[in-house]
Amino acid sequence: MQTHFEDNNALNDPLIEMLISRQEENLSLLTQIGKTKNISGNLRVDKCRQSYQYYIVTQKGDTKGTYLPRKEIRKAKALAQRDYNRAGETIIKKQLAAIDTFLKAYRPNALDQAFTKQHPGRRALIAPVREPDSEFIEAWRHLPYTGKAFEINAPEFYTANGVRVRSKSEVIIADALDRAGIPYRYEFPTSVKGWGTLYPDFTCLRPSTREEVIWEHFGLMGEPDYAENAVQKLAHYAASGYTIGKNLIATFESAATPLSVKQVQAYIKALLT
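This is a predicted model, so every value here is computed, not measured.

Chemist: What should I look at first to understand the packing of helix α1 (residues 14-33) against helix α2 (residues 73-105) in this one?
Modeler: Relative orientation and spacing of two packed helices are given, respectively, by the angle between their axes and the distance between those axes. The geometry of α1 relative to α2 is characterised by a closest axis approach of 10 Å and an angle of 155° between their N-to-C directions. Comparing their axes, α2 and α1 come out roughly antiparallel. Judged by the sense of rotation from one axis to the other, the crossing of α1 with α2 is left-handed. Contact residues: α1 offers Leu-15, Ile-16, Leu-19, Ile-20, Arg-22, Gln-23, Asn-26, Leu-27, Leu-29, Leu-30 and Ile-33, while α2 offers Asn-85, Gly-88, Glu-89, Ile-92, Lys-93, Gln-95, Leu-96, Ile-99, Asp-100, Phe-102 and Leu-103.

Chemist: What exactly am I supposed to notice about the side chain of Arg-82 here?
Modeler: Mapped onto the elements, Arg-82 comes out in helix α2. Of note is the side chain of Arg-82, whose polar atom sits 3.4 Å from the side chain of Asn-42.

Chemist: Teacher, can you tell me more about the side chain of Asn-26 here?
Modeler: Here Asn-26 lies in helix α1. A relative accessible area of 3% means that Asn-26 is categorised as buried.

Chemist: Which parts of the structure should I look at to understand the sheet that holds strand β10 (residues 211-218)?
Modeler: Remark on secondary structure: sheet strands pair via backbone hydrogen bonds, oriented parallel or antiparallel. Reading across the sheet, the four strands line up as β6-β9-β10-β11 and stay open at both edges, with mixed pairing between neighbours. Here the strands that pair on one side only, and so sit at the sheet edges, are β6 (184-186) and β11 (248-252). Across this sheet, the average inter-strand angle for adjacent strands is 20°, counted without regard to direction. Along the sheet face, helix α5 (residues 133-141) touches β6, β9 (202-206) and β10 and points at about 175° away from the line of β9.

Chemist: How do you make sense of the sheet that holds strand β1 (residues 42-48) when you look at a structure like this?
Modeler: Reading across the sheet, the three strands line up as β1-β2-β3 and stay open at both edges, with antiparallel pairing between neighbours. Of all the strands in the sheet, just β1 and β3 (66-68) have a single pairing partner and so form its edges. Pairs of neighbouring strands in the sheet enclose a mean axial angle of 35°, with direction left out of account. Relative to β3, strand β2 (residues 51-57) is paired through three bridges, and the arrangement is antiparallel. Note that in β3 the partner of Ile-56 across the bridge is Thr-66. Of the strands in this sheet, β1, β2 and β3 touch α2, which is tilted by about 115° from β1.

Chemist: Help me understand a nonpolar patch on the surface, please; the structure alone is not making it clear to me.
Modeler: The grouping of Leu-15, Met-18 and Phe-102 at the surface amounts to a nonpolar patch, some 240 Å² of accessible area in total. Note on placement: Met-18 falls in helix α1. By relative accessible area, Met-18 is classed as partly exposed at 42%.

Chemist: Would you mind showing me how to read the packing of aromatic side chains here?
Modeler: Each aromatic ring pair is specified by the distance between its two centres and by the angle formed by the two planes. Taken as a whole and judged by the stated rule, the model has eight aromatic pairs. Among the aromatic side chains, those forming a connected cluster through ring pairs are Tyr-184, Tyr-186 and Phe-202. Note that Arg-185 overlies the ring of Phe-188, its terminal NZ or CZ placed 4.5 Å from the centroid. The residue whose ring lies beneath Arg-210 is Phe-136, and the NZ or CZ to ring-centre distance is 4.4 Å.

Chemist: Would you take a moment to explain the pattern of salt bridges for this structure?
Modeler: Where side chains of opposite charge bring their charged atoms close, a pairing between them can arise. Within the structure shown, the criterion is met by 13 salt bridges. Between Asp-83 and Arg-82 there is a salt bridge whose closest N-O contact spans 2.9 Å. A relative accessible area of 3% means that Arg-82 is categorised as buried. For Arg-166, the salt bridge identified is with Glu-187, shortest N-O distance 2.5 Å. Of this pair, Arg-166 sits in the loop between β5 (164-165) and α6 (168-180) while Glu-187 sits in the loop between β6 and β7 (190-192), and the two are 21 residues apart along the sequence. Residue Arg-166 is classed as partly exposed on the basis of its relative accessible area of 27%. Judged by relative accessible area, which is 2%, Glu-187 ranks as buried. Three or more residues are tied together by salt bridges with common partners; here these are Asp-112, Arg-130, Asp-133 and Arg-210.

Criteria and thresholds
- Per chain, residue numbering runs from 1 following the sequence as it is written.
- It should be noted that, the model being predicted, local features are given only for residues of pLDDT at least 70 and side-chain atom pairs only at 80 or more, the latter also being counted only at that level, while totals for whole chains, interfaces and linings use all residues.
- The side-chain figures draw on all heavy atoms in the structure; neither hydrogens nor water molecules are used.
- To get an axis, fit a line to the C-alpha atoms, keeping to the stretch in contact for a helix; angles then go from 0 to 180 degrees between the N-to-C directions.
- For the purposes of this entry, the term helix denotes a DSSP run of H or I that reaches at least four residues, the term strand denotes a run of E that reaches at least two, and both are numbered from the N terminus.
- Here the angle decides the label: under 35 degrees means roughly parallel, over 145 means roughly antiparallel, 65 to 115 means roughly perpendicular, and every other value means oblique.
- By convention, the crossing between two helices is left-handed when the near helix turns anticlockwise from the far helix through less than a right angle, and right-handed when the turn is clockwise.
- In this analysis, two residues are considered to be in contact whenever any of their non-hydrogen atoms come within 4.5 Å of each other.
- Counting of polar contacts relies on pairs of N or O atoms within 3.5 Å, with two restrictions inside protein: one atom must be capable of donating a hydrogen and the other of accepting it, and residues adjacent in sequence are counted only when both atoms are side-chain atoms.
- For every residue, the accessible area obtained with a 1.4 Å probe (protein chains only) is divided by the maximum for its type, and the residue is called buried under 20%, exposed over 50%, and partly exposed between those limits.
- Strands are labelled as partners when DSSP assigns at least two bridges between them.
- Surface patches are drawn from residues lacking salt bridges whose relative accessible area is over 30%; two like charges belong together within 9 Å, two nonpolar side chains (Val, Leu, Ile, Met, Phe, Trp, Tyr) within 5 Å.
- Values of accessible area rely on a 1.4 Å probe in the Shrake-Rupley scheme; residue burial ignores everything except the protein chains shown.
- Think of a salt bridge as a Lys or Arg side-chain nitrogen and an Asp or Glu carboxyl oxygen that are within 4 Å of each other.
- Each Phe, Tyr or Trp ring (for Trp, its six-membered ring) is paired with any other whose centre lies within 6.5 Å, and the angle between the two planes then decides the class: stacked below 30 degrees, edge-to-face above 60, tilted in between.
- We call a charge positioned above a ring when the Lys NZ or Arg CZ atom is no farther than 6 Å from the ring centre and deviates by at most 35 degrees from the ring normal.

Structure, rendered in structure tokens:
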């Protein structure tokens, strides 16, 4: 049971992704419950001192039932499991129905479309309550800024889109971001507590939430002084509210362990899409 969306962009909405994940989890739980065994009778439990006594009730109007001795505890377990499975199955099916109803009605891009579908002449007169994603991303991508200057004799590395970066590994990251449709700014100046202005390798925009995520690549971790500087930089980022795995991506490599494309793609999929 999965809802299909006419607008494929809706699948990048975090709420939809979370609900689809919960939908799949519930379907898996239903499979685990399986078919509930049809066992006759009902279980009655009595507290006796510090333990419990179990009775099976099979006759209508019987308020006590037949006592189940310890050697018949399996029958008590089967009845208890049956009742639990029935209750769980009912709850899960209600949750699945609620999720399905919500997903069929929920359209995260509806507000944007209410603006973009207006006649161009009307759009010119309207101040939208929320800037459409396409316009927001375009403005974010083209914000003017001054990055860090390259040294005169620095080696030249360029991405597939012609952006100059400082290493082959940064080319890998930049090209992977472009392929995934993730907007980024290269070496955008950022204020960090205790350090001043830093120029993170990439400041990325998570389109689904419009949140900014910094990506720092540390490419010389085999050099002690560089590694120490990297640790200090990450500590200052943390003091400024940047948390690895949330709004900060940190990748590392040394001469013996280079950065892999698969590693970069995994970070993009987990934290930026």
